[in-house]
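# Observations on chain architecture
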Amino acid sequence: DRNRLLRERVQGASARASAMNDQALRRIGADLHDGPAQLLGYAALRLDALRDGGADGDEVERIERAVKDAMREIRTISRGLSLPDIEARSAVEIVQSVAEAHAARTGAQVAVTCDMPHDRTLSAAAKICIYRFVQEGLNNGWRYGGTGGQAVHLAHTAGRLRLAVRDTGPGFGPAEPGTEDGGGMGLAGLRDRVESLGGVFTARNRTDGPGAEIIMELEVT
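One structure accompanies this document, and this report is about it. Sequence order as written defines the numbering, with residues in each chain counted from 1. It should be noted that, the model being predicted, local features are given only for residues of pLDDT at least 70 and side-chain atom pairs only at 80 or more, the latter also being counted only at that level, while totals for whole chains, interfaces and linings use all residues. The side-chain quantities take in all heavy atoms of the structure and omit both hydrogens and water.

The subject of this paragraph is the pattern of salt bridges. By salt bridge we mean one thing: a side-chain nitrogen of Lys or Arg within 4 Å of a carboxyl oxygen of Asp or Glu. The final tally for this structure, using the stated rule, is 8 salt bridges. Between arginine 160 and glutamate 217 there is a salt bridge, and its shortest N-O distance comes to 3.9 Å. Placement of the pair is arginine 160 in strand β3 (residues 160–166) and glutamate 217 in strand β5 (residues 212–219), with a sequence separation of 57 residues. Any residue under 20% of the maximum accessible area for its type is buried, any over 50% is exposed, and the rest in between are partly exposed; the area is computed with a 1.4 Å probe on protein chains only. Assessed through its relative accessible area of 30%, arginine 160 is described here as partly exposed. A salt bridge links glutamate 217 to arginine 162; the shortest N-O distance between them is 4.0 Å. Of this pair, glutamate 217 sits in strand β5 while arginine 162 sits in strand β3, and the two are 55 residues apart along the sequence. Each of the salt bridges in this network shares a partner with another, and the network as a whole consists of Arg2, Arg160, Arg162, Glu217 and Glu219. Helix and strand labels come from DSSP, where a helix needs a run of H or I of at least four residues and a strand needs a run of E of at least two; each type is numbered from the N terminus.

Listed below in structure tokens is the structure:
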């Protein structure tokens, strides 16, 4: 019965993951269309006007700013989609690097605690899951909980990995935690990613104080 339930969860997660991938691609297209494409379009129109009427210093500056803003948005979107070379990194190094990148981008300080050997071998899929889990958890916590109280805790005990991302914000609303789309890949996408590896995903309000936390537990042999 346990194997059957696990198989059904994996099959359901895989089907939902395919749908989530399509949704993610549509969001990427919308982000590119509404952000950088609009800014570059504005720059192109103004360049045509300058070509017809002569150059104005202030107008050139505005065009330059629009182009730079568009390029910055494109780089931001690209960084969110691409993965660094994580195959050679340990789980501890992955968690620390994501937390450091998040702090550099947002100014939010992230408390990181890791109780796991650096030489613990994990599959590439598990490493990618860890990377995306911390990335999305910190982004959601920062977006809804502000810059204070963000924390990541990684532990490994008796063949089981446990990873938690916490904040001290307002917590989840009346909707069932983990089903709402918090932007980016969303918590529903994280659930499917974790369950597709046979793991357990939990999203809840913290019991030790204000805030929310998401937790993934994964058997690693």
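Further remarks concern the packing of helix α5 (residues 124–145) against helix α6 (residues 186–196). Note on geometry: axes are lines fitted to C-alpha atoms, helical ones only across the stretch in contact, with angles between N-to-C directions running from 0 to 180 degrees. Interhelical geometry of α5 versus α6 gives an angle of 160° and a closest axis separation of 10 Å. What the angle tells us is that α5 and α6 run roughly antiparallel. In this structure, the crossing between α5 and α6 has a hand that is left-handed. Along its contact with α5, which presents Ile128, Cys129, Arg132, Phe133, Glu136 and Asn140, the element α6 presents Gly186, Leu187, Leu190, Arg193 and Val194. Any angle that falls under 35 degrees is termed roughly parallel, while one over 145 is termed roughly antiparallel, one within 65 to 115 roughly perpendicular, and all others oblique. Crossing handedness is defined as follows: a turn of the near helix away from the far one that is anticlockwise and smaller than a right angle gives a left-handed crossing, while the clockwise case is right-handed. Contacts were defined at the residue level, with two residues in contact if any of their heavy atoms lie within 4.5 Å.

Glancing now at helix α4 (residues 91–106). With 16 residues, α4 ought to run about 22 Å at 1.5 Å a step, and its terminal C-alpha atoms sit 23 Å apart, in line with that. Every buried residue of α4 is listed here: Ala91, Val92, Ile94, Val95, Val98, Ala99, His102 and Thr106. In this fold, the buried residues of α4 make contact with β1 (110–115), α5, β2 (150–157) and β3. In the segment just after α4, glycine 107 is the residue with positive phi, at about 85°. Helix span, as expected, comes to 1.5 Å for every residue beyond the first.

Within the secondary structure layout, arginine 206 lies in the loop between β4 (200–205) and β5. Throughout this description, a polar contact denotes any pair of N or O atoms lying within 3.5 Å of each other; where both atoms belong to protein, one of them has to be capable of donating a hydrogen while the other can accept it, and for residues adjacent in sequence the pair is counted only when both atoms sit in side chains. Separated by 3.2 Å, the side chain of arginine 206 and the backbone oxygen of aspartate 167 make a polar contact. Setting aside chain neighbours within four positions, we find arginine 206 in contact with Arg166, Asp167, Thr168, Gly211, Ala212 and Glu213.

Here a Phe, Tyr or Trp ring, Trp counted by its six-membered ring, pairs with any other such ring whose centre lies within 6.5 Å, and the pair is stacked when the planes are under 30 degrees apart, edge-to-face when over 60, and tilted otherwise. Per the stated rule, a full pass over the model turns up 1 aromatic pair. Plain terms: the ring middles of phenylalanine 133 and phenylalanine 201 are 6.2 Å apart, the flat faces sit at 75° to each other, and that makes the pair edge-to-face. Residue phenylalanine 133 is located in helix α5, and its partner phenylalanine 201 is located in strand β4; the two are separated by 68 residues in the primary sequence. Of the residues examined, phenylalanine 201 reaches a relative accessible area of 5% and is grouped as buried. One cation-aromatic arrangement involves arginine 105 over tryptophan 142; the distance from NZ or CZ to the ring centre is 5.5 Å. Here, a charge over a ring means that NZ of Lys or CZ of Arg falls within 6 Å of the ring centre while also lying within 35 degrees of the ring normal.

This paragraph deals with a nonpolar patch on the surface. Patch membership requires more than 30% relative accessible area and the absence of a salt bridge. Residues of like charge join within 9 Å; the nonpolar side chains Val, Leu, Ile, Met, Phe, Trp and Tyr join within 5 Å. Method for areas: the Shrake-Rupley scheme with a 1.4 Å probe, in which residue coverage is limited to the protein chains shown. A surface patch of nonpolar side chains, about 210 Å² in accessible area, is lined by Leu32, Leu40 and Ile74. Along the chain, the position of isoleucine 74 falls in helix α3 (residues 57–81).

In this section: the pairing of β5. A regular strand places its side chains on the two faces of the sheet in alternate fashion. For β5, the tally of buried residues reaches 6 of 8 residues, placing the bulk of the element in the interior. Strand pairing requires that DSSP identify at least two bridges connecting the strands. Sheet topology places β3 next to β5; 7 bridges connect them, and they run antiparallel. Pairing of alanine 164 across the sheet is with isoleucine 215, part of β5. By the bridge criterion, 6 bridges tie β4 to β5 in an arrangement that is antiparallel. When the bridges of β5 are listed, asparagine 205 appears paired with alanine 212. Where β4 folds back onto β5 in an antiparallel hairpin, the turn is made up of 6 residues, including glycine 209, whose phi is positive at roughly 150°.

Purely geometric stuff here, so don't read any function into it on its own.
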